[in-house]
Amino acid sequence: MKLQAVIFDLDGVITDTAHLHFLAWRDAAQAIGIVIDEEFNEQLKGISRLASLERILEHGGRAADFTEAERQAIAARKNACYVESLASLTPQSILPGIKDLIVTLRQKGIRIGLASVSLNAPAILSALGIAHLFDYCADAARVKHSKPAPDIFLAACDGLGVVPQNALGVEDAQAGIEAINASGMASVGIGKDLQGAGLLLASTHELNWPRLAAYWKTRNPVTEALEE
Ligand code: B16
Ligand code: MG
């Protein structure tokens, strides 16, 4: 099977917005008397906005204290603060190696997709100046089940017109690796302690075409040899 598409997660793979998410959540949580720190924030990586709020309320022992409308208002406050902070993003905010990899993949005719659960993903790609390099971005608002369900990766494959078995996904969160594996795609993890990643790299510094090609070959040794 030939590699036809690479589908990227956004936060933690293409750029690091985790700290901006943290600052916005810290402000929103503080307003309802809950204190969170950067260590706690690790749990929120790759998790949707409302699921993140749920975890923060549980952490503060206030899971039963808010109506649906109040939760929406807290999430809206966090998002307003987060969106304001996105003004600090520039093309220099792209993580090392990512732009070169995307350009190389495109030269090889491999399609590029995005599978982020962030509703702000299109604005972030535009701020980074790389929106035009993506052939398809799955819309998190139209996906029923968030990561670790495979839905967003399957939606990206569908939009790119490839079957998951011909695609590779790149993620920095455990929920994301589980989503990729459940979709039937090959998985590449960025970071440490990611269970089940087909290929695990410490950082995007190590994410390049030779590494991806070698990993793909180990998954598809016979067909790759025939295609060479
Ligand atoms: P928003 P990813 C995720 O991005 C973040 O990792 C996570 O912390 C955030 O809560 C989620 O997006 C939703 O973001 O509030 O902007 O819709 O890793 O899936 O690219
Ligand atoms: Mg991520």
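Residues numbered from 1 in each chain as written. Chains lettered and ligands numbered in written order. Predicted model: local features only at pLDDT ≥ 70, side-chain atom pairs only at ≥ 80, totals over all residues. Heavy atoms only, no water.

## Regarding the domain arrangement of the protein chain
Reasoning step 1: Domain boundaries assigned for the protein chain yield domain 1 (5-16 + 93-227) and domain 2 (18-88).
Reasoning step 2: Taken over C-alpha atoms, the centre of domain 1 sits 26 Å from the centre of domain 2.
Reasoning step 3: Residue-level contacts link twelve residues of domain 1 with twelve residues of domain 2.
Reasoning step 4: In total, domain 1 and domain 2 occlude about 930 Å² of area from one another, counting both sides; carbon and sulfur atoms represent 50% of this.
Reasoning step 5: Area buried by domain 1 at its contact with domain 2 is led by Asp 11, Asp 16 and Asn 120, which between them contribute 38% of it.
Reasoning step 6: Taken together, domain 1 and domain 2 are joined by zero salt bridges.
Reasoning step 7: Where domain 1 touches domain 2, the interface holds three residue pairs in polar contact (both at pLDDT 80 or more).
Reasoning step 8: For the side of domain 1 that touches domain 2, a count of residues per class yields five nonpolar, three polar and four charged. (Domains from an automatic or database assignment. Contact = heavy atoms within 4.5 Å. Buried area = accessible area lost by both parts, 1.4 Å probe. Salt bridge = Lys/Arg side-chain N within 4 Å of Asp/Glu carboxyl O. Polar contact = N/O pair within 3.5 Å; in protein donor to acceptor, adjacent residues only side chain to side chain. Nonpolar A, V, L, I, M, F, W, Y, C, P; charged D, E, K, R; others polar.)

## Points about helix α1 (residues 18-30)
Reasoning step 1: With 13 residues, α1 ought to run about 18 Å at 1.5 Å a step, and its terminal C-alpha atoms sit 18 Å apart, in line with that.
Reasoning step 2: What α1 keeps buried is the set Ala 18, Leu 20, His 21, Phe 22, Ala 24, Trp 25, Ala 28 and Ala 29.
Reasoning step 3: In the core, the buried residues of α1 are packed alongside α2 (38-41), α3 (49-59) and α4 (68-85). (Helix = DSSP H or I, 4+ residues; strand = E, 2+ residues; numbered from the N terminus. Expected span 1.5 Å × (residues − 1). Buried < 20%, exposed > 50% of the residue type's maximum accessible area, 1.4 Å probe, protein only.)

## A short note on the site of ligand 1
Reasoning step 1: The environment of ligand 1 is made up of 19 residues, and the closest members are Ile 47, Ser 116, Ser 118, Leu 119 and Asn 120.
Reasoning step 2: Separating an oxygen atom of ligand 1 from a backbone N or O atom of Ile 47 is a distance of 2.6 Å.
Reasoning step 3: Separating an oxygen atom of ligand 1 from a side-chain N or O atom of Asn 120 is a distance of 2.7 Å.
Reasoning step 4: When ligand 1 sits alone it has 470 Å² of accessible area, and the protein chains cover 98% of it.
Reasoning step 5: A majority-of-atoms criterion places ligand 1 in the largest pocket.
Reasoning step 6: Among the secondary structure elements, those contributing two or more residues to the shell around ligand 1 are α3 and α4.
Reasoning step 7: When its residues are assigned to classes, the shell around ligand 1 shows six nonpolar, seven polar and six charged.
Reasoning step 8: Two domains share the shell around ligand 1, each providing at least three of its residues, namely domain 1 (5-16 + 93-227) and domain 2 (18-88). (Near = heavy atom within 4 Å. Areas by Shrake-Rupley, 256 points an atom, 1.4 Å probe, with all protein chains shown as cover. 1 Å grid on protein atoms, 1.4 Å probe; cavity = no way out; pocket = protein on both sides within 12 Å on 5 of 7 lines; lining within 4 Å. Sits in = over half its atoms within 2 Å of the grid points.)

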